[in-house]
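Reading the structure
These are the residues of each chain, in order.
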Amino acid sequence: MIPRDILETRLVLYHLLAALYRYPLTQEKLSALQALSIDGESPSAQAIRSLQNALTEVNHMLVERLNIEMTRLMEGPGVTPAVPYASCYLNGRQLMGAAAQAVHRFYLEHGVEPEQGSIPPDHIALELGFLAVLAERALTDTKPAAALETSQRFLREHLQPWLRLFCAALEGSNREAFFTALAGATRQFVAEDEAWLQEAVVGWTTQ
């Protein structure tokens, strides 16, 4: 039996990280991050606390400043130093390339209808958001093995191949400590979750 607190933590962190990569940032998002309580001394727990510590008082001025930097880093117009799309890193900077098409098919295969609008399916926020959907399934289903196996496959095939490159670009280009900490927390949590999933899935299949 997988401890419920682990499944709950996975859901909260994937949901929050996805929200923090969606423009614009809001006081509500940053306040939710501030209020988060993360126990333990794992590298990912320490990285989340570093992210919290990168926030000064959450107010309108901070939100505005971070949104200006987020626009420069990831939104444009013009050249963006940390492009938040998988295709940029896996398909020679071609947006809506093969990586976007593959992740779009993966969403559909697992019953998730991609957002309609201006955000391509391989945006970092949508990939993290899909993992939040799977984390919710693992938490609420009586037999979470399928959702955990799907999460493991998604990380291996879709997110991890480009996440390190994206986080490095974000860390190397920003002017706000918050985004350095966000990149570090994302990379560390996803790496630890992938390692945990490996053990969890092996445990389920050997039962």
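Please refer to the structure higher up on the page.
What you see is a predicted model, and the numbers here were worked out from it, not measured in a lab.

Glancing now at the environment of A168. Mapped onto the secondary structure, A168 falls in helix α8 (residues 145-173). Sequence separation between A168 and A82 is 86 residues; the distance between their C-alpha atoms is 8.4 Å.

What follows concerns the nonpolar core. Of all hydrophobic cores here, the largest spans 69 residues; its most connected members are L159, F166, F178 and F179. Sequence-distant contacts of F166, that is, excluding residues within four places in its chain, are made with Y21, M74, A82, V83, P84, Y89 and I124.

Evaluation of the coordinates by the stated rule reveals 11 aromatic pairs. An aromatic cluster is present here, built from Y21, Y89, W162 and F166 joined pairwise through their rings.

Time to look at the side chain of T80. On the secondary structure map, T80 appears in the loop between α4 (60-75) and α5 (86-90). In contact with T80, not counting residues within four places along its chain, are T71, R72, L73, M74, E75 and R93.

To continue, consider the pattern of salt bridges. Evaluated as defined, the whole model comprises seven salt bridges. Between D193 and R10 there is a salt bridge, and its shortest N-O distance comes to 2.7 Å. Residue D193 is located in helix α9 (residues 177-205), and its partner R10 is located in helix α1 (residues 4-20); the two are separated by 183 residues in the primary sequence. Since its relative accessible area comes to 3%, R10 is described here as buried. A salt bridge links R153 to E157; the shortest N-O distance between them is 3.1 Å.

With an omega of 0 degrees, the peptide bond running from Y23 to P24 counts as cis. Structurally, P24 is set in the loop between α1 and α2 (27-35). Cis geometry marks the peptide bond from G76 to P77, where omega comes out at 15 degrees. Within the secondary structure, P77 sits in the loop between α4 and α5. Even without being glycine, R93 reaches a positive phi, approximately 65 degrees. Its place among the elements puts R93 in the loop between α5 and α6 (98-109). Under the relative-accessibility criterion, R93 is labelled exposed at 55%. At M96, a residue that is not glycine, the phi angle is positive and equals roughly 60 degrees.

Here is what the cut-offs are and how they apply
- Residues numbered from 1 in each chain as written.
- Predicted model: local features only at pLDDT ≥ 70, side-chain atom pairs only at ≥ 80, totals over all residues.
- Heavy atoms only, no water.
- Helix = DSSP H or I, 4+ residues; strand = E, 2+ residues; numbered from the N terminus.
- Core = buried A, V, L, I, M, F, W, Y, C linked by side-chain atoms within 4.5 Å.
- Buried < 20%, exposed > 50% of the residue type's maximum accessible area, 1.4 Å probe, protein only.
- Contact = heavy atoms within 4.5 Å.
- Phe/Tyr/Trp six-rings, centres within 6.5 Å; stacked < 30°, edge-to-face > 60°.
- Salt bridge = Lys/Arg side-chain N within 4 Å of Asp/Glu carboxyl O.

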